[in-house]
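The lines below spell out each chain.
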Amino acid sequence: MVAALTRPAATHELRLVDPRRLPVVEWASRSGAALRRGPLSSREDILSVDLCRGRAALGALATVDAGFADVVTGYIGTAARLEEELTHRSRPHAVHVSPYADPFPPLAALQAETDRVVEALVRHDVEAWLMTRGYIRPATRAILAANRRQVRVTLALSTLDRGLQRSLEPWTASPCLRLRQLTQLRELGIPVQLAIEPLVPRVTDTRANLNELFCALAAIGVDHVTASYLALGSGTEAALFAALEPYGWGEMALEEYGSGPRFTASGGSLRLLPKARRQRGYAALMALASEHGIRVSVSAAGNPDFAGARPTAGGASRQRLLPTFLSMSQQLQFA
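Nothing here was measured: the structure is a model prediction, and the numbers come from that model. For every chain, the first residue of the written sequence is number 1, and numbering continues from 1 along that sequence. Confidence filtering applies because this is a predicted model: local features only for residues at pLDDT of at least 70, side-chain atom pairs given and counted only at 80 or more, and all residues used for totals across whole chains, interfaces and linings. Side-chain metrics rest on all non-hydrogen atoms present in the structure, leaving aside hydrogens and water.

Student: Is there a simple way to explain the overall build of the protein in this structure?
Tutor: Secondary structure elements follow DSSP: runs of H or I of four or more residues count as helices, runs of E of two or more count as strands, with numbering from the N terminus. Scanning the protein for helices and strands turns up 10 helices and 15 strands. Out of the 335 residues belonging to the protein, those deemed buried represent 58%. Sequence-distant contacts in the protein: of pairs separated by 6 or more residues, those separated by 24 or more amount to 75%. Throughout, the Shrake-Rupley method with a 1.4 Å probe supplies accessible areas, and for residues the shown protein chains are the sole cover considered. As displayed, the protein offers around 13400 Å² of accessible surface, 52% of which is attributable to carbon and sulfur atoms. Between buried and exposed lies partly exposed: a residue is buried under 20% and exposed over 50% of the maximum accessible area for its type, with that area taken using a 1.4 Å probe on protein chains only. We call two residues contacting when some pair of their heavy atoms lies within 4.5 Å.

The structure is reproduced here in structure tokens:
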């Protein structure tokens, strides 16, 4: 089992994206409804809306299949379709905006559609939940501020190492920019929290990496964060190996997952770190955070096998871009 994870057979079929070369946006009509059951599939009043799909993932551990162009397919008229659907159905409590691809990618057309989607949700008195590693433009910050009572933002950050961050999260904002955005959003009165994820064993969960991060967070007044380890999906294993291999960390990180449990999420299988390994990691994280006056909540959705967590059909798939509000940010007792 460990050997199979140590050197993924699919590595040679994948190449990491070049963060200096943005993907091309192609537009297509959507098949089916815009509003769908989201990562919180057990909650009928919490739905999601996707803005795009594509081989080039706009977020963590992005890879591109060999032989294909770096293309993202954006859905035409998402905000308009959303307006129509909300007019003719029962109103949900909240909607995850683009839970599987960053709602604020470095692509102006997609960011503009995110703005329109947020405004459409607010007009129908529906909360907009957004999780991002990207750059939130000033115009978008103004929209979020004007609708601060109906938006919830989560910023994800797991390291201040710019080189490592670029390897793990191409096309995303730098760690310094994310910290600055966190301060800006708070000053505007926009509900925002920070998620330390995805934690990669022996890479971003080290004391040295986290101590530097907690020092920076404490300096800007952060006193609470959520945390979750990376879950390995079908393409993530090879992407993680490729991203970390230049540092000599590929096998080291993957071998930690060898005996971890598998969960089915969104039609695919996800492998988690062994439960005991996550427990030790979170305990160390909490102890270190407390030295900086920061409290840590463990993600229930990212740890469906923990006591108090209720695994659902989409629960563990939160790993990439799902916001962490309400029951998702509850403090869990280790079983």
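Right, picking up where we left off after that structure.
Student: I tried to follow the packing of aromatic side chains on my own but got confused; where do I start?
Tutor: What describes a pair of aromatic rings is the distance from one ring centre to the other and the angle between the planes of the rings. Two aromatic rings from Phe, Tyr or Trp, using only the six-membered ring of Trp, form a pair when their centres are within 6.5 Å; if the ring planes differ by under 30 degrees the pair is stacked, by over 60 it is edge-to-face, and anything between is tilted. A complete count under the given rule lists three aromatic pairs for this structure. Clustering of aromatic rings is evident, with ring pairs tying together Tyr229, Tyr282 and Phe306.

Student: Please explain the environment of asparagine 209 as it appears in this structure.
Tutor: Its place among the elements puts asparagine 209 in helix α7 (residues 207–219). Judged by its relative accessible area of 9%, asparagine 209 falls in the buried class. The residues touching asparagine 209, leaving out its near neighbours within four places in the chain, are Ser158, Thr159, Leu160, Val203 and Thr204.

Student: What exactly am I supposed to notice about the pattern of salt bridges here?
Tutor: If the charged atoms of two oppositely charged side chains come close together, the side chains can form a pair. Basic side-chain nitrogens of Lys or Arg form a salt bridge, by our definition, when they fall within 4 Å of a carboxyl oxygen of Asp or Glu. On inspection of all chains with the given rule, the structure shows 14 salt bridges. Where glutamate 83 meets arginine 123, a salt bridge forms, and the shortest distance between an N and an O atom there is 2.3 Å. Of the two residues, glutamate 83 is situated in helix α2 (residues 78–87) and arginine 123 in helix α3 (residues 108–123); the sequence distance between them amounts to 40 residues. Classification of arginine 123 by relative accessible area gives exposed; the value is 56%. Between arginine 152 and glutamate 127 there is a salt bridge; the shortest N-O distance is 3.3 Å. With arginine 152 in strand β10 (residues 151–156) and glutamate 127 in strand β9 (residues 127–132), this pair connects stretches of sequence that are 25 residues apart.

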